[in-house]
Protein chains: 2
Amino acid sequence: MSPPRLLIDIHTHVYLPRYAAFLRSRASVPRILTRTSPEGRQEERLLILDDEPSSGRPIGAQYWDRDEKLKFMDRHAIDVSVVSSANPWLDFLPASTAHQLAGELNDDLETYCSTGPSLSHITGVKRLYGFGLLPLVPEASTEAIISTVEQIAKLPHLKGVIMGTRGLGKGLDDNALEPVWAAIEQAGLVVFLHPHYGVDKNAWGEKENGHVLPLALGFPFETTIATTRLILSGVFDRHPSLRLLLAHSGGALPQLSSRLASCIEHDPLVASRLAHDARYYLGKLYFDAVAYGSEELGFVSDAIGRADKYSRSGTSAGASGVKDASADGAEQRRSGTRRMLFGTDHPFFPPLGATEKWKSVVENLEAIDGVWGWSDAEKDAVRGGNAFALFNLGS
Amino acid sequence: MSPPRLLIDIHTHVYLPRYAAFLRSRASVPRILTRTSPEGRQEERLLILDDEPSSGRPIGAQYWDRDEKLKFMDRHAIDVSVVSSANPWLDFLPASTAHQLAGELNDDLETYCSTGPSLSHITGVKRLYGFGLLPLVPEASTEAIISTVEQIAKLPHLKGVIMGTRGLGKGLDDNALEPVWAAIEQAGLVVFLHPHYGVDKNAWGEKENGHVLPLALGFPFETTIATTRLILSGVFDRHPSLRLLLAHSGGALPQLSSRLASCIEHDPLVASRLAHDARYYLGKLYFDAVAYGSEELGFVSDAIGRADKYSRSGTSAGASGVKDASADGAEQRRSGTRRMLFGTDHPFFPPLGATEKWKSVVENLEAIDGVWGWSDAEKDAVRGGNAFALFNLGS
């Protein structure tokens, strides 16, 4: 049976009220502060980046109020949202605080979802699901992290975890995380990998370019580096059922993946550690469709669709038997859509003026609609069918 | 008249004998040192990166001997090479030394090309052309740089300049470089933008991954950042005839270009400075085809081919009148090939064992041959026709 035609947003954030209150209580970044605006109003501002201008950015009910999330969904005809805490999560906390707060926020998010509305036209499907939080901070114990994995696995509306790239302080290729990957794989949770730190700010130079460079380049670079380090560490060879969803369509990973394969090939010590060509692993990953352009999305589906050609196990390489390069390219592009999922990045990238729909959302929907070589079936899958299956929403 | 069918390598490096001798005279990186190999032989090793293992990498005649370059070309049926000095060029030198050495090396490269062989089947075309060097280092005077631009413009076999990303120490978006861009544009030289520094090494973590991360990710990130900063600084608005060729197919710029456009759109101060949507500028750039995969190359042609849609001048946006998205995608992909040029990155990425052809070269040729939607005409253009026209080799 084909899944119902739904619009499902898998990249949409929240600062749960408990988390927002916690940010208000803090005197250093990340924090929410109250200031008097240039117009004389009292207003709250969010500071999450160390290098952010001291005035931060506007923040309001759309960050924590569930009714605002549902209004946003209704306005854009989004049926279901799989909501995740926004960065920087618990990264800045000592281990014991992170553990306790993770547990509380996971319970909060379960309540946020379970007490929310259901779809009117499909029985048993809610409008809100969630990604939980793990206490992934330096000096966190494996036991604390795994007990939180187990907590999340028992909460019926939490379908995965959102995760930054620092792990326990040494990145996600840290051997100490092996039991964590095993526990996540075992629990069948989806890991949503999301950037926060970017790369060294010295790269951006002295010109005033607002947030453009760290957001447009730094964020995707961070995701690309973290995923590449995971590939190089063999995590996907050891945990073939691990389901990792990459923010912002995997950043630059697809475009650099053949170069990555070539660099590995020229470094026998690294190459000998891996079971497959680097490009194979892109077919094990999931990618949100938050790239703002049709050509980018089409290319991501190419990179996923070609992945099986780069298996070294011999079972799938060349198995399609397709000889015509043109047909092969079209088929490959369509098949790669199976691991791509619509997202909005709400409530970030709000419109600058009063508009009915958010430009950033419209752009992502138009991007899906405009991909050369995707049929309606593939577009429906990316808009919602893939998420419905990945998160097992119909069960 | 259509250009002759040639294979032209526009990304191929040399350490000219004068430069190699200079590196041998140095006691710190970059340098060439002699050591006793584990097998007891005397051998030279190259160290160019600050963080490189102290043993560096093997170096030999293929880096400086013109006969070796020609043998490599013959082996791979490369008709013409547009040769450039390899990184780190003159970046590490004081201004006066850099100025003098640039002048000498430009004369050396002119001799390297002009005294080399000609094509046997096309009158008046040599087998070797070159990109010269500018003394782009901190405290270099504009006069010194511009006098070197003028020197290069007078050397008939030098067709452009190769350039790193540091400029005078503040990057390429430095206002102080305005007269340099103007002089290069005026002289009709092509700027080949090439990485050397990557990004902060802390991003690579603690695992032993050889050179894989800085080469596969750091290099293309650097090119992406430098080009984005050039776009944001308005250089392409002020110098619409400037011809910039990006190494490694522009790194991650194509895949991040719609995200970049969206981030700019959400930052009115930045958006108001630029004449066009960020994606428009990709249609003003040239991209080598050194990406090692067909899907990557196809996508780069998509990103170039769509650029005119993002003009804000109103003359070209939507002018094609093509309504069918499928036909539009195919046409766009083919039209984008006009700014893509074959390259090898020789003598880097040598084969690990004794082989007739270099894997890295074969991969780049196979990548061109395998792009879905490129006809033979486009493949010929990328293999050589575009370079023939861009560098005006037939005149």
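Residues numbered from 1 in each chain as written. Chains lettered and ligands numbered in written order. Predicted model: local features only at pLDDT ≥ 70, side-chain atom pairs only at ≥ 80, totals over all residues. Heavy atoms only, no water.

S.K.: Can you break down the overall build of chain A residue by residue, with the values?
M.R.: On a plain count of helices and strands, chain A comes out with 14 helices and 11 strands. A globule of 395 residues ought to have a C-alpha radius of gyration of about 21 Å, and chain A, at 21 Å, matches this closely. Counting only C-alpha atoms, chain A reaches 70 × 50 × 45 Å along its principal axes. Sorting the 395 residues of chain A into buried and exposed places 62% on the buried side. In chain A, the proportion of contacts linking residues at least 24 apart, taken out of those at least 6 apart, comes to 74%. On chain A, roughly 14400 Å² of surface is accessible, and the fraction owed to carbon and sulfur atoms is 50%. In chain A, which carries 40 positive and 48 negative side-chain charges, the distance between the mean positions of the two groups comes to 1 Å. (Helix = DSSP H or I, 4+ residues; strand = E, 2+ residues; numbered from the N terminus. Rg over C-alpha atoms; globule rule 2.2 N^0.38 Å. Buried < 20%, exposed > 50% of the residue type's maximum accessible area, 1.4 Å probe, protein only. Contact = heavy atoms within 4.5 Å. Areas by Shrake-Rupley, 256 points an atom, 1.4 Å probe, with all protein chains shown as cover. Lys, Arg positive; Asp, Glu negative; His and termini not counted. Charge placed at Lys NZ, Arg CZ, Asp CG, Glu CD.)

S.K.: Would you mind going over the pattern of salt bridges in detail, with residue names and values included?
M.R.: According to the stated counting rule, one finds 40 salt bridges over all chains in the structure shown. Linking A:Lys170 and B:Glu206 is a salt bridge whose minimum nitrogen-to-oxygen distance equals 3.8 Å. Of this pair, A:Lys170 sits in the loop between strand S7 (158-163) and helix H5 (178-187) while B:Glu206 sits in the loop between strand S8 (190-193) and helix H6 (212-233), which puts the two residues in different chains. Taking the shortest distance from any N to any O, the salt bridge between B:Arg333 and B:Asp302 comes out at 2.8 Å. Pair noted here: B:Arg333 is in helix H12 (residues 325-335) and B:Asp302 is in helix H11 (residues 294-305), with a separation of 31 residues, a long-range link. Taking relative accessible area as the criterion, B:Arg333 reaches 2% and is therefore assigned buried. Overall, B:Asp302 belongs to the buried group, its relative accessible area being 3%. (Salt bridge = Lys/Arg side-chain N within 4 Å of Asp/Glu carboxyl O.)

S.K.: Any details on the confidence of the model for chain A? Residues and values, ideally.
M.R.: Scored by pLDDT, chain A has a mean of 94; 95% of the residues are at 70 or more. Contacts for the low-pLDDT stretch residues 316-323 of chain A, under 50 throughout, to residues beyond four places or in other chains number seven contacts. (pLDDT = per-residue confidence, 0-100.)

S.K.: Break down the packing of helix H1 (residues 17-24) of chain A against helix H3 (residues 95-114) of chain A for me, citing the residues and quoting the values.
M.R.: Residue and element names in this part refer to chain A. The contact between H1 and H3 brings their axes to 9 Å, and the two run at 140 degrees. Taken as axis vectors, H1 and H3 run oblique relative to one another. Seen from H1, the contacting residues are Arg-18, Tyr-19 and Phe-22; seen from H3, they are Leu-101, Glu-104, Leu-105 and Asp-108. Each residue belonging to the contact of H1 with H3 can be placed in one class, and the counts come to four nonpolar, no polar and three charged. (Axes fitted to C-alpha atoms, helices over the stretch in contact; angles between N-to-C directions. Parallel < 35°, antiparallel > 145°, perpendicular 65-115°, else oblique. Nonpolar A, V, L, I, M, F, W, Y, C, P; charged D, E, K, R; others polar.)

S.K.: Tell me about the nonpolar core, and please be specific about residues and values.
M.R.: Of all hydrophobic cores here, the largest spans 259 residues; its most connected members are A:Ile184 and B:Ile184. With near-sequence residues (within four places) excluded, B:Ile184 lies in contact with B:Leu134, B:Val149, B:Val161, B:Met163, B:Leu189, B:Val191 and B:Leu242. (Core = buried A, V, L, I, M, F, W, Y, C linked by side-chain atoms within 4.5 Å.)

S.K.: Can you break down the packing of aromatic side chains residue by residue, with the values?
M.R.: Using the criterion set out here, one finds 21 aromatic pairs over all chains in the structure. With a centroid separation of 5.0 Å and an interplanar angle of 70 degrees, the aromatic rings of A:Phe72 and A:Trp358 are classed as edge-to-face. One end of the pair, A:Phe72, is in helix H2 (residues 66-75); the other, A:Trp358, is in the loop between strand S11 (340-341) and helix H13 (359-369), with 286 residues separating them in the sequence. Per residue, the accessibility class of A:Phe72 equals that of A:Trp358, and both read buried. Geometrically, the ring pair formed by A:Phe299 and B:Phe299 is stacked, given 4.7 Å between the ring centres and 5 degrees between the ring planes. Here A:Phe299, found in helix H11 (residues 294-305), pairs with B:Phe299, found in helix H11, and the two come from separate chains. An aromatic cluster of at least three residues, connected via ring pairs, comprises A:Tyr15, A:Tyr19, A:Tyr63 and A:Phe348. It is B:Arg339 that lies over the ring of B:Tyr286; its NZ or CZ is 4.4 Å from the centre. (Phe/Tyr/Trp six-rings, centres within 6.5 Å; stacked < 30°, edge-to-face > 60°. Lys NZ or Arg CZ within 6 Å of the ring centre and 35° of its normal.)

S.K.: Let's hear about the side chain of A:Asp267: which residues, and what values?
M.R.: With respect to the helices, strands and loops of the structure, A:Asp267 is situated in the loop between helix H8 (253-265) and helix H9 (268-271). Lacking a salt bridge, the buried A:Asp267 has A:Arg273 as its closest oppositely charged neighbour, with an N-O distance of 7.7 Å.

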